[in-house]
2 protein chains.
Amino acid sequence: MLDYWLGKKVYVEFERDDGYRSSSGIHSYFAPPSKWPRMEQEAMRLVRGRILDIGCGPGRHALYFQKKGLDVVGVDASATQVALARIRGVAQVYQASVQRLPRGLGTFNTALMMGNNLGLAGDIPRMRRFLRDLREITRKGARLIGHSRIPGTWSEDHLPYVKWNLRRGRPPGLLTLRARYKGRVGDWFDLLLISPEELARIGQETGWELVRVIWEGGYSPGDYVGVLARR
Amino acid sequence: MLDYWLGKKVYVEFERDDGYRSSSGIHSYFAPPSKWPRMEQEAMRLVRGRILDIGCGPGRHALYFQKKGLDVVGVDASATQVALARIRGVAQVYQASVQRLPRGLGTFNTALMMGNNLGLAGDIPRMRRFLRDLREITRKGARLIGHSRIPGTWSEDHLPYVKWNLRRGRPPGLLTLRARYKGRVGDWFDLLLISPEELARIGQETGWELVRVIWEGGYSPGDYVGVLARR
């Protein structure tokens, strides 16, 4: 990402544990609000109060709300992302993962998990733990606004993987991925794709109510932003 | 439906067990192919061989394929629908429900469950039983082509019902409905709305492979046709 920011044309490749690879440009991580997906533009109108941007990356949402005068804290598990967000002007940004949310920063009115971050916890038990942890640093009525995708069903390429997951006894939307960039290979990590009804179910169990689903549609029919309210 | 066919303007009302009511025109049950939803037009191109049209209603698909010279058998649980399909010209149509599929009619290459019929079995255990039963009267490679909907998530009206289901320990997409028409009230029945990944899961368990998902999009972002192939 630093390469991109330094002016290079950058593609990162993600490898799935079945060997499938997809390459994607980094530009979307830096896109201005006018280029954000429609669902994202709509969802961002629901943001209010103190914001925790979870998996903030280079800080595209954090910078947007900071410019609007809101109090926003970014966290990212990657030290590189944290450094990049800081260089780009995010005033409050810390290294932290969804497994261990930062304490001592007060409470928040909005938690953001855009860019397919909603399933960053990696699997359903950890997703439950994450939602319970998030209750501790949010107030009643606070919102979690996050982007996910219906597992596999938006593309025929991905359907065999969903079926392989089911045969292996894994949740249909559990992706095991690693990044490849300039010959370097990252560690394997899990990303959970979660359907809205599964999100409603996990929310029900952990004190969060799914109050809204905003679909992207068009070329991304399985992509949506779920809005959960803390009970 | 007979009223509509006799030239009257007809609306039927469906009442859900939470009191929610929706009224819908009957015209779609009689629509010509050019007015069918896009996903349906696309899915109908996958039909081949002997066809079993399950929950055929007044026979809009059965008539279409019959005119194309295909061998098509319609079944419907309602005697009125069977009579109507017969009057409209469906040559082979019988009263039968998904709980008890007809025997002695040979085997089929395609089973159709359009018009949100995919979840007619009513719940997940009965859906599993239905898929196993359907194996008995289909050949290897046969396709089940059916329409369902992602539970609740296409509309804010329906989201509270999904959450109520979860609180009651029911599947998120289980609808309990009854029809109301001209002061008459039908019996309560269950209709299951099923997401594609849940369909993939149930298929995996019962010898059917989800090979394709065709989304409607637009005003019906949660509607899709699932295509299952018999293993």
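Preceding block: the structure.
Residues numbered from 1 in each chain as written. Chains lettered and ligands numbered in written order. Predicted model: local features only at pLDDT ≥ 70, side-chain atom pairs only at ≥ 80, totals over all residues. Heavy atoms only, no water.

Draft legend 1. Main features of the pattern of salt bridges. For the structure on display, the rule yields 30 salt bridges over all chains. Here Arg21(A) ties to Glu13(A) by a salt bridge, and the two come within 3.4 Å at their closest N and O atoms. Here Glu209(B) ties to Lys163(A) by a salt bridge, and the two come within 2.9 Å at their closest N and O atoms. On the criterion of chain membership, the pair formed by Glu209(B) in strand β11 (residues 208-217) and Lys163(A) in helix α6 (residues 159-167) is interchain, its members lying in two chains. (Salt bridge = Lys/Arg side-chain N within 4 Å of Asp/Glu carboxyl O. Helix = DSSP H or I, 4+ residues; strand = E, 2+ residues; numbered from the N terminus.)

Draft legend 2. Inspection of helix α5 (residues 124-136) of chain A at higher detail. All names here are of chain A. For α5, with 13 residues, the first-to-last C-alpha span of 19 Å sits near the 18 Å given by 1.5 Å per residue. Where α5 is buried, its residues contact β3 (51-54), β6 (108-113), β7 (138-149), β10 (189-192), α7 (196-206) and β11 (208-217). The N-terminus of α5 is capped by Asp123, whose side-chain oxygen sits 2.9 Å from the backbone nitrogen of Arg126. (Expected span 1.5 Å × (residues − 1). Contact = heavy atoms within 4.5 Å. Polar contact = N/O pair within 3.5 Å; in protein donor to acceptor, adjacent residues only side chain to side chain.)

Draft legend 3. Quick peek at the sheet that holds β7(A). Residue and element names in this part refer to chain A. Across the sheet, which stays open at both edges, the seven strands sit in the order β5-β4-β3-β6-β7-β12-β11 with mixed pairing between neighbours. Unpaired on one side and paired on the other, β5 (93-95) and β11 mark the two borders of the sheet. Pairs of neighbouring strands in the sheet enclose a mean axial angle of 20°, with direction left out of account. Pairing between β6 and β7: five bridges, direction parallel. In the strand pairing of β7, Leu112 is matched with Ile145. The strands touched by helix α4 (residues 79-87) are β4 (72-76) and β5; relative to β5, the strand with the most contacts, the crossing angle is about 170°. (Pairing = 2+ DSSP bridges. Axes fitted to C-alpha atoms, helices over the stretch in contact; angles between N-to-C directions.)

Draft legend 4. Inspection of the sheet that holds β11(B) at higher detail. Residues and elements named next belong to chain B. Pairing is mixed across the open sheet formed by seven strands, whose spatial order is β5-β4-β3-β6-β7-β12-β11. The open sheet terminates on both sides in strands that have one partner only, identified here as β5 (93-95) and β11. Taking the axes of each pair of neighbouring strands and ignoring which way they run, one obtains an average angle of 20° across the sheet. Where strand β4 (residues 72-76) and β5 come together, three bridges link them in parallel fashion. Bridge assignment links Val75 to a residue of β5, and that residue is Tyr94. Helix α7 (residues 196-206) contacts β11 and β12 (220-230) of the sheet and is inclined by roughly 160° relative to β11.

Draft legend 5. Main features of the side chain of Glu216(A). Residue and element names in this part refer to chain A. Examined against the element boundaries, Glu216 turns out to sit in strand β11. Although Glu216 is buried, it forms no salt bridge, and the closest oppositely charged side chain is Arg38 at an N-O distance of 4.6 Å. Of note is the side chain of Glu216, whose polar atom sits 2.8 Å from the backbone nitrogen of Met39. Setting aside residues no more than four positions away along its own chain, Glu216 makes contact with Pro37, Arg38, Met39 and Asp223. (Buried < 20%, exposed > 50% of the residue type's maximum accessible area, 1.4 Å probe, protein only. Lys, Arg positive; Asp, Glu negative; His and termini not counted.)

Draft legend 6. Examining the nonpolar core more closely. The biggest cluster of nonpolar side chains holds 70 residues, and the ones touching the most others in it are Ile54(A), Phe130(A), Leu144(A), Ile54(B), Phe130(B) and Leu144(B). Beyond its immediate sequence surroundings of up to four residues, Phe130(A) is in contact with Ile54(A), Val98(A), Leu101(A), Met113(A), Ala121(A) and Leu144(A). (Core = buried A, V, L, I, M, F, W, Y, C linked by side-chain atoms within 4.5 Å.)

Draft legend 7. Main features of the interface of chain A and chain B. On the chain B side, the residues contacting the 24 residues of chain A number 24 residues. Run the count over chain A and chain B and you get two salt bridges. For the interface between chain A and chain B, the tally reads six residue pairs in polar contact (both at pLDDT 80 or more). Among the elements that line the side of chain A that touches chain B, the one with the most residues is β11(A), at six residues. A per-class count over the side of chain A that touches chain B returns 14 nonpolar, three polar and seven charged. (Nonpolar A, V, L, I, M, F, W, Y, C, P; charged D, E, K, R; others polar.)

Draft legend 8. Highlighting the relation of the copies chain A and chain B. For these two chains of identical sequence, chain A goes onto chain B by a turn of 180° and a shift of 0.0 Å along the axis, with RMSD 0.0 Å. What we have between these two chains is a two-fold relation. Within chain A, Gly217(A) has its C-alpha nearest the rotation axis, a separation of 3.1 Å. (Least-squares fit on C-alpha atoms with pLDDT ≥ 70 in both.)

Draft legend 9. Examining the packing of helix α5 (residues 124-136) of chain B against α7(B) more closely. Residue and element names in this part refer to chain B. Between α5 and α7, whose axes approach to 9 Å, the crossing angle comes to 50°. The orientation of α5 with respect to α7, classified from their angle, is oblique. For the pair α5 and α7, the crossing hand works out as right-handed. Note on element contacts: α7 touches α5 through Glu198, Leu199, Ile202, Glu205 and Thr206, opposite Ile124, Met127, Arg128, Leu131, Arg132 and Arg135. Grouping the amino acids of the contact of α5 with α7 by side-chain chemistry returns five nonpolar, one polar and five charged. (Parallel < 35°, antiparallel > 145°, perpendicular 65-115°, else oblique. Left-handed = near helix turned anticlockwise from the far one by under 90°.)

Draft legend 10. Representation of unusual backbone geometry in the model. Phi at Lys182(A) is positive, roughly 50°, even though this residue is not glycine. Structurally, Lys182(A) is set in the loop between β8 (174-181) and β9 (184-185). In this structure Lys182(A) comes out as exposed when scored by relative accessible area, which is 56%. The backbone of Asn116(B) sits at a positive phi, close to 65°, despite the residue not being glycine. Checked against the element boundaries, Asn116(B) lands in the loop between β6 (108-113) and α5. The exposure class assigned to Asn116(B) is buried, which follows from its relative accessible area of 11%.

Draft legend 11. Summary view of the packing of aromatic side chains. On inspection of all chains with the given rule, the structure shows 10 aromatic pairs over all chains. Centroid distance Tyr161(A) to Trp164(A): 5.9 Å. Interplanar angle 65°. Geometry classified as edge-to-face. You can see Tyr161(A) and its partner Trp164(A) sitting in helix α6, three residues apart, about one turn around the helix. A relative accessible area of 2% places Tyr161(A) in the buried class. What makes Trp164(A) partly exposed here is its relative accessible area of 27%. Ring geometry for Phe14(B) versus Phe189(B): centroids 6.5 Å apart, planes at 80°, classification edge-to-face. Taken together, the residues Phe14(B) in strand β1 (residues 11-16) and Phe189(B) in strand β10 (residues 189-192) connect sequence positions 175 residues apart. We classify Phe14(B) as partly exposed; its relative accessible area is 23%. Site record: aromatic cluster; members linked through ring pairs are Trp36(A), Tyr64(A) and Phe65(A). Above the ring of Tyr161(A), the side-chain terminus of Arg16(A) is found at 4.2 Å from the ring centroid. (Phe/Tyr/Trp six-rings, centres within 6.5 Å; stacked < 30°, edge-to-face > 60°. Lys NZ or Arg CZ within 6 Å of the ring centre and 35° of its normal.)

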